[in-house]
Structures are given as structure tokens and as C-alpha cells.
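What follows is each chain in one-letter form.
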Amino acid sequence: MLGQRSLGAFVLHVYGLLLLAHLRLPDGIWINTLAQVTLVYGIAMVLSGAQSLRYRRRHVTPEQAQPLAA
């Protein structure tokens, strides 16, 4: 589980940094810091949402089959 989450975080960071490299942001330490913190927070929310979906899907119990009336 930890290995899957860290791999997902790494892959999302690579794509996110590629996106940040191609954005035309004004030069400034505060703008760049805000963009990077927003990226990290967004990746954390995506991974957390995926984890909760996986957890929700796993704990759904199927309905019991009803016997047919003869």
C-alpha cells in the first residue's frame, strides 16, 4: 500500500513539475512557492480521494439473493 501511494505521488509530481515548467508565471519567490505548494496539496488530495474511493468500494456488501417462489 505504501509503495503504491509513493509511486503515485512520484508520477503525479513528475507531471506536475512538467506543467509548472511550461506555465508562464511571473518571476518571484512568493508566486513560485504558492504554485508549488498548490501542486503538492492538489496531489495529496488526489491520492487521498483515490484511497477513500478504494476503501468505499471494498466495504460495499452485495445484496443477499432472495429465493425464488415456487
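Residues numbered from 1 in each chain as written. Predicted model: local features only at pLDDT ≥ 70, side-chain atom pairs only at ≥ 80, totals over all residues. Heavy atoms only, no water.

> What should I look at first to understand the overall build of the protein in this one?
Secondary structure assignment for the protein yields 2 helices and 0 strands. Each of the 70 residues in the protein was classed as buried or not, and the buried ones make up 10%. For the protein, the exposed surface amounts to about 6,500 Å²; the carbon and sulfur share of it is 67%. (Helix = DSSP H or I, 4+ residues; strand = E, 2+ residues; numbered from the N terminus. Buried < 20%, exposed > 50% of the residue type's maximum accessible area, 1.4 Å probe, protein only. Areas by Shrake-Rupley, 256 points an atom, 1.4 Å probe, with all protein chains shown as cover.)

> Quick question: what am I supposed to make of the environment of serine 48 here?
Structurally, serine 48 is set in helix 2 (residues 29–58). Residue class for serine 48 comes out partly exposed when judged on its relative accessible area of 38%. A C-alpha to C-alpha distance of 9.4 Å links serine 48 and arginine 5, two positions 43 residues apart in sequence.

> What is the right way to look at a nonpolar patch on the surface in this model?
A cluster of nonpolar side chains, contributed by Leu7, Phe10, Val11, Val14, Tyr15 and Leu18, occupies part of the molecular surface with about 600 Å² of accessible area. By secondary structure assignment, the location of phenylalanine 10 is in helix 1 (residues 2–22). (Patch = residues over 30% accessible without salt bridge, like charges linked within 9 Å, V, L, I, M, F, W, Y side chains within 5 Å. Salt bridge = Lys/Arg side-chain N within 4 Å of Asp/Glu carboxyl O.)

> What exactly am I supposed to notice about the environment of arginine 5 here?
Examined against the element boundaries, arginine 5 turns out to sit in helix 1. In this structure the C-alpha to C-alpha distance between arginine 5 and alanine 50, which are 45 residues apart in sequence, comes to 9.7 Å. Setting aside chain neighbours within four positions, we find arginine 5 in contact with Leu47 and Gln51. (Contact = heavy atoms within 4.5 Å.)

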